[in-house]
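Structural overview for review
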Amino acid sequence: MAGQTLYDKLWQNHLVEQRDDGSALIYIDRQLIHEVTSPQAFEGLRLAGRKPWRRDANLAVPDHNVPTELRERAGGVAAIEDPVSRLQVQTLDDNCDDFDLVKFDINDVRQGIVHVVGPEQGATLPGMTVVCGDSHTSTHGALGALAHGIGTSEVEHVLATQTLIQQKMKNMLVRVDGKLQQGVTAKDVALAIIGKIGTAGGTGYAIEFGGEVVRELSMEGRMTLCNMSIEAGARMGMIAVDDTTLDYVKGRPYAPAGEMWDLAVAAWRELHSDDDAVFDAVVTLQGADIKPQVTWGTSPEMVLPVDGQLPDPAAIDDATSKAAVTRALAYMGLDASSQITDIKLDRVFIGSCTNSRIEDLRAAAAVVKGRKVASSIKQALVVPGSGQVKKQAEEEGLDRIFLDAGMEWREPGCSMCLAMNADKLGAGEHCASTSNRNFEGRQGFGGRTHLVSPAMAAAAAVAGHFVDVRQWQEAG
Amino acid sequence: MRAFTVHSGLVAPMDRANVDTDLIIPKQFLKSIKRSGFGPNLFDELRYLDEGQPGEDCSKRPLNEEFPLNFPRYQGASVLLARENFGCGSSREHAPWALEDYGFRAIIAPSFADIFYNNCFKNGVLPIAIDEATVDRLFDEMYADEGYQLTIDLERQLVITPTGEEIPFDVDAFRRQCLLEGLDDIGLTLQRAEAIRAYEASARQKSPWLFDVIR
């Protein structure tokens, strides 16, 4: 019998029962809850007279529509100006009180984006099954966990039963060999993978990321990579447990300690694919070939290296692709065959569950230190992923560097990644964004998003247009 | 959940690939704490010329006359014909809620994103994946024939065209059964409570660090 993949092991470890019809009942260790996709689930419980199966399996935190300006934030939930957002955040608080679930309040230092908070607090751990009503739950796979987004009906199902009815996915290995060039980051690797396999390339698969490049990424880099699995169509992305994982987890508030730590580590050491494991699909990239990436269109697969030239629909044969490229160029207000470095920017957003951790902020700060944001940039926002990240960044003086450069330093939340709060693009505005989706209207009605790494976003803020951060860093 | 057995209805097009759930229902409508009422905002940024706001009366808003769902011939459509990777992106169940609330009972496309596909079944909306060449042909037939209807028979797993052609489709047995009978799958799972408790007792022995930490 062939060996098992990491996904096979995690699946097997959580199998309550396999059914004859091909479905399986899978046990869920941890559910993260936020304000947007949970109210209808709690209401469902209430209507059916049900209670949460296990209160200690859940952790709630508001993130999607919390204000990030201190002026509005300081007053807590009651001070949220948008009454619809306020009601939603208040409803999360009320539901957690009613059902006796643990939540971090809006101004708790532990509050932040669910996918930053989970690993940071040790609330998500290696070997767990982790779900949340949010597609970027794949982030937690970086810990060697089986983690994926679910809809609200499934949020309710997990609350009520601590399980999900699942069909097993196929296994895909994405291996990135060799080394990355200086100035190329996990974000560029993620975008390069999506550029190669497309936004549906991972549909039906659980992706495991491997290879020397992945092994050498920090935990935060691995989170960035796994975060964007869903943009490649895979609900879940994961990385084998190694010393990097264990060093990261050790000492986190909810992580095991003492004898329990040793017991856990013994189990976690098994969380890797066996040497003779068989994958249904294998994709390989060479780390040295990956340049800083910039998306030009309205799907994450519409991505190019920074020295790239935009496509020309006239040169595309396939009718659906031709139509998609034509529509994307029109929406983005860009000319066929123009250069990535010609794209002029109006706003810059550094934040989101993809890139708002301390290493992301350090990378951005290193680029803007001693420089100024270009006068043509209307706004450059830096939004830390959690209160803890904000605190640490301030201890390191990063906030001063951003403010001195002319950027705004905000309170933690999802912010302009999806523009559910007041942070949004105006129609027609171009934004260099460290977030994960460049869909039409994602960051604001008519807004135009370009996905990049934190260093690339910072360099673009200073230059006013995209520049190759590799040269920038050499010059700096 | 509303059961789905056999459905016949007018077909409307969403003729582009990679339709994401942000496009199906934009973020500002996700602030609602309700499960219904999303229909008027389905494809909001394509259907209207202005930026929609939650709670707004959409009957007063300027329509995009070039968007097919606004064409007179597609009014009352209940089957959506779409392209590859439909429903990609965000896991928001508001997407199938909006489609269902608008009146769509089935979506036919060459492929669907995984989370969206799963969410549809929880809401009485049947996503049907059929090979690309056949979908191309259905698009051609629909464009050529105003009032083009399809019949979908979930029991027999067939899409039936106006000429009586029967196109088979796959759907996994559990999801099919839940949809045919309109079953509440939480109720079904709770019938297995003993198995869940048995698993839990064993996990508590093997991995005690997973329990009683968040309180």
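Please read these numbers as outputs of a predicted model, since none were measured by experiment.

Right, let's get into the overall build of chain B. Counting secondary structure elements, chain B contains eight helices and seven strands. Across the 215 residues of chain B, 60% fall into the buried class. A separation of at least 24 residues holds for 64% of the contacts in chain B among residues at least 6 apart in sequence. For chain B, the accessible area works out to roughly 8,500 Å², and carbon and sulfur atoms hold 47% of it. Side-chain charges of chain B comprise 23 positive and 35 negative groups, with the mean position of each set lying 8 Å from the other.

Now for the domain arrangement of chain A. Residue and element names in this part refer to chain A. Looking at the assigned domains, one finds that chain A contains domain 1 (6-166), domain 2 (170-289) and domain 3 (293-475). Domain 1 and domain 2 are separated by 22 Å when their C-alpha centres are compared. Between domain 1 and domain 2, the contact holds 31 residues from the first and 32 residues from the second. At the boundary of domain 1 and domain 2, one finds one salt bridge. Where the side of domain 1 that touches domain 2 is concerned, the elements lending two or more residues are helix H1 (6-13), helix H5 (114-121) and strand S6 (146-149). Examining the composition of the side of domain 1 that touches domain 2, we find that five residues originate from one element, H1, more than from any other. Residue composition of the side of domain 1 that touches domain 2, by class: 15 nonpolar, twelve polar and four charged.

Per the UniProt annotation, the sites labelled "domain: Aconitase A/isopropylmalate dehydratase small subunit swivel" (unreviewed entry) are residues 1-132 of chain B. Within the segment residues 1-132 of chain B, helix and strand shares are 20% and 16% respectively, and the terminal C-alpha atoms sit 30 Å apart.

Residues and elements named next belong to chain A. As recorded in UniProt, the sites labelled "binding site: [4Fe-4S] cluster" (unreviewed entry) are Cys 353, Cys 414 and Cys 417. Maximum C-alpha separation among the annotated residues is 8.6 Å over a sequence range of 65 residues, consistent with a single clustered spot. Assignment of secondary structure puts Cys 414 in the loop between strand S16 (408-409) and strand S17 (430-433). For Cys 414, a relative accessible area of 8% corresponds to the buried category. Sequence-distant contacts of Cys 414, defined by excluding residues within four places in its chain, comprise Asp 63, His 64, Ile 113 and Phe 349. Here Cys 417 shows up in the loop between S16 and S17. Here Cys 417 is in contact with Phe 349, Ser 352, Ser 435, Asn 436, Arg 442 and Gln 443, once residues within four sequence places are set aside.

We note that the domain assignment places domain 1 (6-183) and domain 2 (185-215) within chain B. Domain 1 of chain B and domain 2 of chain B are separated by 37 Å when their C-alpha centres are compared.

Between chain B and chain A, the residue contacts involve 58 residues of the former and 79 residues of the latter. Both sides together, the interface formed by chain B and chain A hides about 6,000 Å², and carbon and sulfur atoms give 59% of it. In terms of surface lost to chain A, no three residues of chain B exceed Lys 31, Trp 209 and Ile 214 of chain B, which account for 15% of the buried area on that side. Where chain B touches chain A, the interface holds seven salt bridges. Among the ionic pairs, Glu 154 of chain A bridges to Lys 122 of chain B, the shortest N-O distance being 3.9 Å. Among the elements of the structure, helix H1 (21-24), helix H2 (44-47), helix H3 (94-102), helix H4 (114-121), helix H6 (173-181), helix H7 (185-190) and helix H8 (193-206) of chain B are those that each provide at least two residues to the side of chain B that touches chain A. Examining the composition of the side of chain B that touches chain A, we find that six residues originate from one element, H8 of chain B, more than from any other. Looking at the side of chain B that touches chain A residue by residue, the class counts come to 23 nonpolar, twelve polar and 23 charged.

Right, let's get into helix H4 (residues 83-99) of chain A. Residues and elements named next belong to chain A. Taking 1.5 Å per residue, 17 residues should reach 24 Å; H4 reaches 24 Å between its end C-alpha atoms and fits that length. Buried residues along H4 sit in contact with strand S3 (30-33), helix H2 (39-48) and strand S4 (58-60). In this structure Asp 82 caps H4, since a side-chain oxygen of it lies 2.9 Å from the backbone nitrogen of Val 84. At the exit of H4 stands Asp 100, carrying a positive phi of roughly 60 degrees.

Moving on, we come to the sheet that holds strand S7 (residues 163-166) of chain A. Residue and element names in this part refer to chain A. Strand order across the open sheet formed by three strands is S1-S2-S7, with antiparallel pairing between neighbours. In this open sheet, the two strands that pair with only one neighbour each are strand S1 (15-18) and S7. Neighbour-to-neighbour, the strand axes of this sheet turn through a mean angle of 20 degrees, independent of strand direction. Bridge analysis of S1 against strand S2 (residues 24-27) gives three bridges, and the strand direction is antiparallel.

The next thing to look at is the nonpolar core. Core analysis: the largest hydrophobic core is formed by 114 residues, its most contacted members being Phe 43 and Phe 86 of chain B. Formed by 102 residues, the second largest nonpolar core is a distinct cluster that contains Leu 143, Val 213, Ala 234 and Tyr 254 of chain A.

Turning next to the environment of Arg 73 of chain B. Within the element layout of this structure, Arg 73 of chain B appears in the loop between H2 and strand S2 (79-82). The spatial distance from the C-alpha of Arg 73 of chain B to the C-alpha of Val 159 of chain B is 21 Å, given a sequence separation of 86 residues.

This part covers the sheet that holds S16 of chain A. Neighbouring strands of a sheet are bound in pairs by backbone hydrogen bonds; such pairs are parallel or else antiparallel. Residues and elements named next belong to chain A. Across the sheet, five strands lie side by side as S16-S15-S14-S17-S18; this open sheet has parallel pairing. On the outer flanks of this sheet lie S16 and strand S18 (448-451), each paired with one strand and no other. Sitting on the sheet, helix H16 (residues 454-463) is in contact with strand S14 (347-350) and S17, with an inclination near 150 degrees to S14.

Bringing the packing of aromatic side chains into the picture now. Residue and element names in this part refer to chain B. All told, the structure shown has 16 aromatic pairs over all chains when counted by the stated rule. Aromatic pair Phe 86 and Phe 112: ring centres 6.3 Å apart, planes at 80 degrees, arrangement edge-to-face. Here Phe 112 lies in the loop between strand S3 (106-109) and H4 and Phe 86 lies in the loop between S2 and H3, a separation of 26 residues in the sequence. For the residue pair Phe 86 and Phe 112, the accessibility class agrees, reading buried in each case.

The next point concerns the packing of H2 of chain A against H4 of chain A. All names here are of chain A. Two numbers describe how H2 lies on H4: the axes approach to 10 Å, and their chain directions differ by 35 degrees. When the axes of H2 and H4 are compared, the crossing they make is left-handed. Residues Pro 39, Phe 42, Leu 45 and Arg 46 of H2 form the contact with H4, whose participating residues are Gln 88, Thr 91, Asn 95, Asp 98 and Phe 99. By residue class, the composition of the contact of H2 with H4 is four nonpolar, three polar and two charged.

Scoring rules and cut-offs
Counting from 1, residues in each chain are numbered in the order their sequence is written. For naming, the first written chain is A and the first written ligand is 1, with later ones following in the order written. In view of the model being predicted, local features appear only for residues whose pLDDT reaches at least 70, and side-chain atom pairs are presented and counted only at 80 or more, with totals across whole chains, interfaces and linings using the full set of residues. Side-chain figures throughout are based on the complete set of non-hydrogen atoms in the structure, without hydrogens or water. Only DSSP runs of H or I covering at least 4 residues are called helices, and only runs of E covering at least 2 are called strands; the numbering of each starts at the N terminus. Type-normalised accessible area, obtained with a 1.4 Å probe on protein chains alone, sets the label of each residue: buried when under 20%, exposed when over 50%, and partly exposed for intermediate values. Contacts are assigned to residue pairs that have any heavy atoms within 4.5 Å of one another. Per-residue and other accessible areas were derived by the Shrake-Rupley procedure at a 1.4 Å probe size, with only the shown protein chains allowed to occlude residues. Only four residue types enter the charge count, namely Lys and Arg as positive and Asp and Glu as negative; His and the chain termini do not. The atoms used to mark charge sites are NZ of Lys, CZ of Arg, CG of Asp and CD of Glu. For every domain, the bounds stem from an assignment made automatically or drawn from a database. For salt bridges, the criterion is a side-chain nitrogen of Lys or Arg within 4 Å of an Asp or Glu carboxyl oxygen. Throughout this entry, Asp, Glu, Lys and Arg are counted as charged residues, while Ala, Val, Leu, Ile, Met, Phe, Trp, Tyr, Cys and Pro are counted as nonpolar. The remaining residues, Gly among them, count as polar. UniProt positions are given in the numbering used here, feature names are shortened, and annotations may be inferred rather than shown by experiment. A 1.4 Å probe defines the accessible area here, and the buried area is the portion of it lost by two parts on being joined, summed over both. Residue count minus one, scaled by 1.5 Å, sets the expected span of a helix. For the purposes of these results, a polar contact is taken to be a pair of N or O atoms within 3.5 Å, where, inside protein, one atom must be able to donate a hydrogen and its partner to accept one; residues adjacent in sequence count only when each atom of the pair is a side-chain atom. By the convention used here, strands pair only if DSSP detects at least 2 bridges between them. Structural elements are reduced to axes, namely lines fitted to C-alpha atoms, with helices fitted over the stretch in contact, and the angle between N-to-C directions of any two is expressed from 0 to 180 degrees. The term nonpolar core refers to a set of buried residues drawn from Ala, Val, Leu, Ile, Met, Phe, Trp, Tyr and Cys, joined through side-chain atoms within 4.5 Å. Think of it this way: a Phe, Tyr or Trp ring, Trp meaning its six-membered ring, pairs with another when their centres are within 6.5 Å, and the plane angle makes it stacked under 30 degrees, edge-to-face over 60, tilted otherwise. Left-handed describes a crossing in which the near helix is turned anticlockwise from the far one by less than a right angle; the clockwise case is right-handed.

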